[in-house]
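What follows is each chain in one-letter form.
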Amino acid sequence: METHVNGEINVEKNKKQIGIIGAGISGLVACKHALEQGFNPIIFESSNCIGGVWSNTIESTKLQTPKDLYQFSDFSWPTSVTETFPNHYQVKDYIESYALHFNILKHIQFNTKVVSIDYCCEDDGEEMAAGCQNLWGGTGQAFSPKCKWVVTVMDLLRSLHPHKVYEVDFIILCIGKFSGLPNIPHFPMNKGPEVFNGKVIHAMDYAEMGSVNATAMVKDKRVTVIGFQKSAIDLAAEVARLNGVKHPCTLLLRRVHWTVPEGFLKLSFRNLNRFSELMIHKPREGFFLWFLAILLSPLLWIFSKFAESYLKWIYPLKKYNMIPDHGFLRQISSCMFTVLPADFYKRVEEGSLILKKSKSYCFCKNGLIIDEENLPLNTDLVIFATGYRSDDKLCNIFTSTYFQKCITGSSTPFYRECIHPRIPQLAILGYSESPAILYTTEMQSKWLAHFLAGKFKLPTIAEMEEDVLRWEKCMQRYACKYYKRACVSVLLQIYCNDLLCRDMNLNPRRKKKMLSELFAPYKPSDYQRSV
């Protein structure tokens, strides 16, 4: 039963069950803000701990976001953490402290793996979702009197009758993008890992081993790491430090990306303010904002060229043929922003780390056959640091092929980066990428909690689909072929937060002075107040 009070929908919160899948950062903030709105959510977590990727990661992993931007808006880092970029142990402790402080742990069912979710209605659920009705779920609201999600879980600690079924009124998927389903390249017959006498693993397997076992596995081995994103770079540098020049680590990559030092990243974050966002075109912008973006766009080009020149100056990129064939701005527009370990090129110079570029490669008995090289690369261990199949992971949780096609059948982003216009009573947190993922996810979780509480309704399905198409077109302007639908707010973080604030009927202007509003960087602490 729902009633309307002062234009808002008064939801009987104690009778509405919210299911949250995953106890990483996204799941924790979703739970915390749902609790603040009076709900009693339940979190299903397949492991025995919280923290998501931070609970199992490479030993040398650190934050690549300054900690004042990677923090909860209402829970600061402890004063004992003085580093700008804390290590993964400090991050994990911080997350656990947050969960304890807000009493979230009692809402988590550990060792409980969600096998599938199914949308069930008195009428045909898929027909309702497909848009036979103009509004999301038929009402534009979070809950439906006729429909629920059926969640099938498996208790990983029980061997006898491990499966259990729950009915929930709303689901929040917080299953993450960087875990669970590794992306392993496909190879022709008899040219894949099956013909290799050595061992082949993914970076996910390496991280899950723990520091002691991982070190023992790579020690004094000829190791080849494949990839050039954050995990590949960190892993290769870690192996090079362990084995030295006697057993150098090979980093095999297809495409080079711009990488930056910590100091440059820290300076860049300081300049993420409203003024810098005036240089970026926005969906549905009026003439004045369009004209400002045209007028100020040369500053973006200057920044990009300055960054490229600076990185060529501090790193021996030309010497090792590591200059990317795309611009710096295009790369950050697609959320590819990697901090380089301080000793990376030192390891290359001394010979403990070997860089190899190749568009194609395959396996042989003793290692890898690399395109345009006469001799095979002899190796004992190959580690794929080639990312994850995040869309497939998201699809696989649905029993409905219609909902699966909703995820894979389009490249458009989600509405407000967390709502699919055709999948009712469900939100996805932690899917969207940004330079400061905790900052982004917490804002979305606040918005979602307000929506669950009935403080606003969603636009029509057609309006939401029109909105996300505008975002796709706008971001393709900057990222071009590197466009990803999970990365639409990277250049417009404050603008996106403004939209969320307006939906929640909150003031988007969070600074006290006009100059600060225009030129000071926005941080999570700016959104602690609810006015």
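Throughout, a residue's number is its position along its own chain's written sequence, starting from 1. The model is predicted, so local features are restricted to residues of pLDDT at least 70 and side-chain atom pairs to those at 80 or more, both for listing and for counting; the totals for chains, interfaces and linings are taken over all residues. Where side-chain values are given, they derive from all heavy atoms of the structure, hydrogens and water being excluded.

**Describing the packing of aromatic side chains**
Let me state the cut-off plainly: Any two of the Phe, Tyr and Trp rings considered here, Trp counted by its six-membered ring, make a pair once their centres fall within 6.5 Å; the pair's planes then place it as stacked at under 30 degrees, edge-to-face at over 60, or tilted in between. Strands are runs of DSSP state E lasting at least 2 residues, helices are runs of H or I lasting at least 4, and numbering of each runs from the N terminus. Burial here depends on accessible area, computed with a 1.4 Å probe over protein chains only, as a share of the maximum for the residue type. Under 20% is buried, over 50% is exposed, and the range in between is partly exposed. Two conditions define a charge located above a ring, namely a distance within 6 Å from the ring centre to NZ of Lys or CZ of Arg, and an angle within 35 degrees of the ring normal.
Per the counting criterion, the structure on display carries 43 aromatic pairs. Arranged with centres 5.8 Å apart and planes meeting at 15°, the rings of phenylalanine 264 and tyrosine 310 form a pair that is stacked. Here phenylalanine 264, found in helix H7 (residues 262-270), pairs with tyrosine 310, found in helix H9 (residues 287-314); they are 46 residues apart in sequence, far enough to count as distant. Exposure remark for tyrosine 310: the relative accessible area of 26% places this residue in the partly exposed category. Here phenylalanine 303 and phenylalanine 328 contribute two aromatic rings whose centre-to-centre distance is 5.9 Å and whose plane-to-plane angle is 70°, an arrangement assigned as edge-to-face. Pair noted here: phenylalanine 303 is in helix H9 and phenylalanine 328 is in helix H10 (residues 328-333), with a separation of 25 residues, a long-range link. Note on phenylalanine 303: relative accessible area 31%, which makes it partly exposed. One aromatic cluster in this structure is built from Phe39, Trp136, Phe143, Phe170, Trp447, Phe451 and Phe456. Above the plane of the ring of phenylalanine 102 lies lysine 32, whose end atom (NZ or CZ) is 4.7 Å from the centre. Above the plane of the ring of tyrosine 522 lies lysine 511, whose end atom (NZ or CZ) is 5.0 Å from the centre.

**Some remarks on the sheet that holds strand E18 (residues 377-378)**
Hydrogen bonding along the main chain pairs the strands of a sheet, whether they run parallel or antiparallel. Heads up, the rule is: DSSP-based pairing: two strands are paired if at least 2 bridges between them are found.
Pairing within the open sheet is antiparallel, and its three strands lie in the order E16-E17-E18. With partners counted over all chains shown, the strands left at the sheet margins are strand E16 (361-364) and E18, one partner each. As paired elements, E16 and strand E17 (residues 367-370) share four bridges and run antiparallel to each other. The residue of E17 that forms the bridge with tyrosine 361 is isoleucine 370.

**Regarding the pairing of E17**
A loop of two residues connects E16 with E17, the two strands running antiparallel in sequence. Sheet analysis places E17 next to E18, joined by two bridges and oriented antiparallel. Of the residues in E18, the one forming a bridge with glycine 367 is asparagine 378. What sits between the antiparallel neighbours E17 and E18 is a turn of six residues, in which glutamate 372 has the positive phi angle 70°.

**A word on the UniProt feature "transmembrane region" (unreviewed entry) in the chain**
Note the threshold: UniProt positions are given in the numbering used here, feature names are shortened, and annotations may be inferred rather than shown by experiment.
Sequence positions flagged by UniProt for "transmembrane region" (unreviewed entry) are, in local numbering, residues 287-304. Within the segment residues 287-304, helix and strand shares are 100% and 0% respectively, and the terminal C-alpha atoms sit 26 Å apart.

**Describing the domain arrangement of the chain**
What counts, and what does not: Domain borders in the structure are assigned automatically or taken from a domain database. Any pair of residues with heavy atoms lying within 4.5 Å of one another is described as a contacting pair. Buried area is understood as the total, over both parts, of accessible area removed when two parts are fitted together, assessed with a 1.4 Å probe. Counted as salt bridges are all cases of a side-chain nitrogen of Lys or Arg within 4 Å of a carboxyl oxygen of Asp or Glu.
Along its sequence, the chain is carved into domain 1 (17-179 + 390-527) and domain 2 (193-384). The centre of domain 1, based on its C-alpha atoms, is set 27 Å off from the matching centre of domain 2. In this assembly, 43 residues from domain 1 lie in contact with 43 residues from domain 2. Of all residues in domain 1, Gln64, Tyr478 and Tyr482 bury the most surface against domain 2, accounting for 20% of the area lost on that side. Along the contact surface separating domain 1 from domain 2 lie three salt bridges.

**Details of the packing of helix H1 (residues 25-36) against helix H14 (residues 437-452)**
Put simply, the test is: Helix axes are fitted only over the stretch in contact, all axes being lines through C-alpha atoms; the angle between N-to-C directions runs from 0 to 180 degrees. Take the far helix as your reference; a near helix turned counterclockwise from it by less than a right angle gives a left-handed crossing, and one turned clockwise gives a right-handed crossing. We call Asp, Glu, Lys and Arg charged. Ala, Val, Leu, Ile, Met, Phe, Trp, Tyr, Cys and Pro are nonpolar, and the rest, Gly among them, are polar.
One way to put it is that H1 packs onto H14 with a least axis distance of 9 Å and a crossing angle of 35°. Two packed elements cross with a definite hand, and for H1 against H14 that hand is right-handed. Between H1 and H14, the contacting residues are Ile25, Ser26, Val29, Ala30, His33 and Ala34 on the first element and Leu438, Thr441, Glu442, Ser445, Lys446 and Ala449 on the second. Within the contact of H1 with H14, the residues separate by chemical class into six nonpolar, four polar and two charged.

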